[in-house]
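Each chain, letter by letter, is given below.
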Amino acid sequence: MGAMSLAIDVRGLRFRYGSGPWVLDIPELTLERGTRAFLFGPSGSGKTTLLGVLAGVLKPDEGEVNVLGRDLASLSGARRDAFRAEHIGYVFQMFNLIPYLSVLDNITLPARMNAKRRARLDGAGVKETAALLADHLQIGDLLRKPVTELSVGQQQRVAACRALIGSPEIIVADEPTSSLDFDRREAFLELLFAECERAGATLVFVSHDRTLEGMFSRTVSLPDVNKAAF
């Protein structure tokens, strides 16, 4: 498997908070570009911490974390932040929408804040692209609404649109469907998959709910790959 075909290539990763016990001890983990990866594990297996390392929010204590060919472990905090803003869309478990902004302004935020994400809109306007994404995720009629007036499922789709705008190469999702019933989880995932395929993005989706596993092209058990999990 060539390095250029890998979205993520982790080698000898170890991480802990302060002087506490190791939270991550992953000898090897690779994901090919375009993969729809389902990462699962119980509480304490390192799911959210691993996402933080892959997104450059957390810096490992040891090892290499190659994301799109860049070793994030070797970058400063500022350069990891810049890399994440340009290349990674993040869907948080609690969505982290800006409550005083409209749906439209929440979606457009990454493209307005990062010139390279904005440049990937292929000449289309930021608002026009946001409206198209919103239509694809079936919230096109909500663009002017405050996000505080939306249902949980609608807020989830706003968060996904925000992560997808500007075609980042990797989408990271931290249990974003945990508050939805099964039918709505499936419907949301089908829409998310379609948008990731349209953008050619790799999806890294973390959940403890294995009923969703069959919808993904690759499954990673955190307790199996993380030697620190117990």
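Model, not experiment: these values are computed from the prediction. (Residues numbered from 1 in each chain as written. Predicted model: local features only at pLDDT ≥ 70, side-chain atom pairs only at ≥ 80, totals over all residues. Heavy atoms only, no water.)

Section: the overall build of the protein
Tallying secondary structure elements over the protein gives 8 helices and 9 strands in all. The C-alpha radius of gyration computed for the protein amounts to 17 Å, which stays within 12% of the reference 17 Å derived for 230 residues, consistent with globular compactness. Projected onto its principal axes, the C-alpha coordinates of the protein cover approximately 45 × 35 × 35 Å. Classification of the 230 residues of the protein by burial places 53% in the buried group. Residue pairs at least 24 apart in sequence account for 73% of intrachain contacts in the protein once pairs closer than 6 positions are excluded. Accessible area of the protein: about 10,600 Å², with a carbon and sulfur share of 50%. (Helix = DSSP H or I, 4+ residues; strand = E, 2+ residues; numbered from the N terminus. Rg over C-alpha atoms; globule rule 2.2 N^0.38 Å. Buried < 20%, exposed > 50% of the residue type's maximum accessible area, 1.4 Å probe, protein only. Contact = heavy atoms within 4.5 Å. Areas by Shrake-Rupley, 256 points an atom, 1.4 Å probe, with all protein chains shown as cover.)

Things to note about the sheet that holds strand E9 (residues 218–221)
The sheet built from 5 strands is open, its strands ordered E6-E7-E8-E3-E9 with parallel pairing. A single partner strand is all that each edge strand has here, and the edge strands are strand E6 (88–91) and E9. Pairs of neighbouring strands in the sheet enclose a mean axial angle of 15 degrees, with direction left out of account. In terms of strand pairing, strand E7 (residues 170–174) meets strand E8 (residues 202–207) through 5 bridges, oriented parallel. Bridge pairing in E8 links Ile171 to Leu203. (Pairing = 2+ DSSP bridges. Axes fitted to C-alpha atoms, helices over the stretch in contact; angles between N-to-C directions.)

A word on helix H1 (residues 47–54)
For H1, the buried fraction is high: 7 of the 8 residues fall into the buried class. Within the span of H1, buried status applies to Lys47, Thr49, Leu50, Leu51, Gly52, Val53 and Leu54.

Re helix H5 (residues 126–136)
Every buried residue of H5 is accounted for by Val126, Thr129, Ala130, Leu133 and Ala134. Along the axis of H5, the buried residues cluster in a sector spanning 140 degrees; they form a single face. Turned more than 90 degrees away from the buried face of H5 sit Lys127 and Glu128, all of them exposed. Taken together, the buried residues of H5 touch helix H3 (103–113), helix H4 (115–119), helix H6 (152–164) and helix H7 (182–199). A positive phi of about 65 degrees marks Gln138, the residue just after H5. (Arc of directions from axis to C-beta.)

Topic: the packing of H3 against H5
Contact geometry of H3 with H5 gives a least axis separation of 9 Å together with a crossing angle of 125 degrees. Accordingly, the angle class assigned to the pair H3 and H5 is oblique. In terms of crossing hand, the pair formed by H3 and H5 is right-handed. Only Val126, Lys127, Ala130 and Ala134 of H5 make contact with H3, whose side of the interface consists of Leu104, Ile107, Thr108, Ala111 and Arg112. Split into classes, the residues belonging to the contact of H3 with H5 amount to 6 nonpolar, 1 polar and 2 charged. (Parallel < 35°, antiparallel > 145°, perpendicular 65-115°, else oblique. Left-handed = near helix turned anticlockwise from the far one by under 90°. Nonpolar A, V, L, I, M, F, W, Y, C, P; charged D, E, K, R; others polar.)

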